Amino acid sequence: MSPIWHPFTQHGLQEPIPLVARAEGAAIHLADGRRLIDAISSWWVTTHGHSHPRIAKAIAEQATKLDQVIFAGWTHEPAENLARDLIALMPEPLAHVFFSDSGSTAVEVALKMALGFWHNRGEARHRILVMEHSYHGDTIGTMSVGARGVFNRAYEKLLFDVGTVPFPAAGTEQATLDALDQACRTQDIAAFIVEPLVLGAGGMLIYRPETLRAMRDICAHHGVLFIADEVMTGWGRTGTLLACEQAGVVPDILCLAKGITGGSLPLAVTLATPAIFEAHWSTDPAKQFFHSSSYTANPIACAAANANLAIWRDEPVQQRIDTLAARQAAMLAELAALPNLANPRQAGTIIALDVVDPAGTGYLSTIAPRLRESFRGAPVLLRPLGNTVYVMPPYCIDTADLAVLGQAIADAAESIRENP
Ligand SMILES: *Cc1c(COP(=O)(O)O)cnc(C)c1O
């Protein structure tokens, strides 16, 4: 038995853990020779495709030049180039880049920036507002601002208290806006953190850009900082470079990770407006931003991110995304016609449906293991969220692979229909 303790894995169920040998484009290849279509972009990170030659080359070249150096008080070209190009690509007035290593740390940094902002200005604002069903990571801080449930029940006593506004499901948007407005009025709110347009781990729940816009306006009105967690939605996932774009929204603080290196190496950034940066700018050392990690702005990871930005600059990435989104829309329409697939929804290159479970829903729904079992025999890597099946592939996936995916989902739905 392997000594490895895998993430989000119940080893007691003794489900097989396949050995992956290599990956290329939209496919991963197992050591036993099987080829699987990566329908979830290896947990939402792979954008252009696996083992992208331009990204791989940038990594190899940087690894022989400068592998790592302390970033507190020192700098290097890969980070300088990346920060400059990111700021040019991202909307104004986001003008400052703080590096970290994962989506969770990008969110932790965002929360600390928001609290530091109010602290350094001498205003007592400590409370964070969140949206129902949100997911922002698995550290104590990010679990605190995420949905409570079976995932974090053991740690619940350690999680800090937050205010929660209801998810703006279609038809209930005004209730969310009223709750947000009310919360901003009555409590010492430092910031509101939100996943723009799509709540990923919460079940691929999608809400309208108009609602995102209205939430941003409410926060601005009350002087509450607006944090956009685009860790999953960024880098074209919802059809535009940022999901916020579709709502004409610019946050005070923006978190990016996952696709920032095209999905090749761990790296994250937290972008901030001049107001946030200036609140920490002082001759007083006590007002500096107290955060770092050993590998902050690792040069090899920055080189991978620079190669990702070059791909966005030089290649028709937007066109690939548009083509893929149109093909997925057609696939969604076909799947939605099946009797036990409900709530079809799409945001750019993400499509999702719920498998109707007579026994109820939720992450531990009995449908989930049966779906996993069904997909195990198929040439696909799909990982349903409870009874929600979603497809979020690398942008390079072709029509043949998409057809195989559609068939695998239809077959799984059918097998559950026939053996309820
Ligand atoms: C994945 C995710 C995170 C956490 O990112 P990690 O790199 O896994 O720490 C945070 N926020 C959102 C919206 C995510 O989807």
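On a predicted model such as this, the values are computed, not experimentally measured, just so you know. (Residues numbered from 1 in each chain as written. Predicted model: local features only at pLDDT ≥ 70, side-chain atom pairs only at ≥ 80, totals over all residues. Heavy atoms only, no water.)

Student: Just checking my understanding: could you explain the side chain of His-76 for this structure?
Tutor: Relative to the helices and strands, His-76 resides in the loop between α2 (53-63) and α3 (77-89). Under the relative-accessibility criterion, His-76 is labelled buried at 6%. When sequence neighbours within four positions are dropped, the list of residues in contact with His-76 reads Leu-66, Val-69, Phe-71, Ala-297, Pro-299 and Cys-302. (Helix = DSSP H or I, 4+ residues; strand = E, 2+ residues; numbered from the N terminus. Buried < 20%, exposed > 50% of the residue type's maximum accessible area, 1.4 Å probe, protein only. Contact = heavy atoms within 4.5 Å.)

Student: Quick question: what am I supposed to make of the sheet that holds strand β14 (residues 350-355) here?
Tutor: In any sheet, the strands associate via hydrogen bonds between backbone groups, in a parallel or an antiparallel arrangement. Taken together, the 3 strands give an open sheet; going across it, the order is β13-β14-β16, and neighbouring strands pair in antiparallel fashion. Of all the strands in the sheet, just β13 (341-347) and β16 (388-391) have a single pairing partner and so form its edges. Within the sheet, the average angular offset between the axes of one strand and its neighbour, ignoring direction, is 15 degrees. Bridge analysis of β14 against β16 gives 4 bridges, and the strand direction is antiparallel. Opposite Ile-351, over in β16, you have Val-391 as the bridge partner. Against the sheet, helix α10 (residues 317-336) contacts β13, β14 and β16, and its axis sits at roughly 170 degrees relative to β13. Relative to the sheet, helix α12 (residues 399-418) contacts β13, β14 and β16, its axis offset from that of β16 by approximately 170 degrees. (Pairing = 2+ DSSP bridges. Axes fitted to C-alpha atoms, helices over the stretch in contact; angles between N-to-C directions.)

Student: I keep staring at the packing of aromatic side chains and nothing clicks. Help me out?
Tutor: All told, the structure shown has 9 aromatic pairs when counted by the stated rule. Seen in terms of ring centroids, Phe-71 and Phe-99 are 5.9 Å apart; in terms of plane orientation they differ by 85 degrees. Their pairing is edge-to-face. With a gap of 28 residues between them, Phe-71 in the loop between α2 and α3 and Phe-99 in strand β4 (residues 96-100) connect regions that are remote in the sequence. According to the relative accessible area criterion, Phe-71 is partly exposed, its value standing at 23%. Connected via pairs of aromatic rings, a cluster forms that spans Phe-8, Trp-43 and Phe-151. Looking at Arg-125, its charged tip hangs above the ring of Trp-118, at a distance of 4.2 Å from the centre. (Phe/Tyr/Trp six-rings, centres within 6.5 Å; stacked < 30°, edge-to-face > 60°. Lys NZ or Arg CZ within 6 Å of the ring centre and 35° of its normal.)

Student: Would you explain the pairing of strand β10 (residues 225-229) in this entry?
Tutor: By the criterion of burial, β10 is predominantly enclosed, with 5 of the 5 residues buried. Neither face of β10 is open: one carries Leu-225, Ile-227 and Asp-229, the other Phe-226 and Ala-228, and all of them are buried. Two strands pair when backbone bridges link them, and strand β7 (residues 189-194) and β10 are joined in this way by 4 bridges, in the parallel orientation. Its bridge partner lying in β10, Ile-193 is registered against Ile-227. Bridge count between β10 and strand β11 (residues 253-256): 3 bridges; the pairing is parallel. When the sheet's bridge partners are listed, Ala-228 is paired in β11 with Leu-254.

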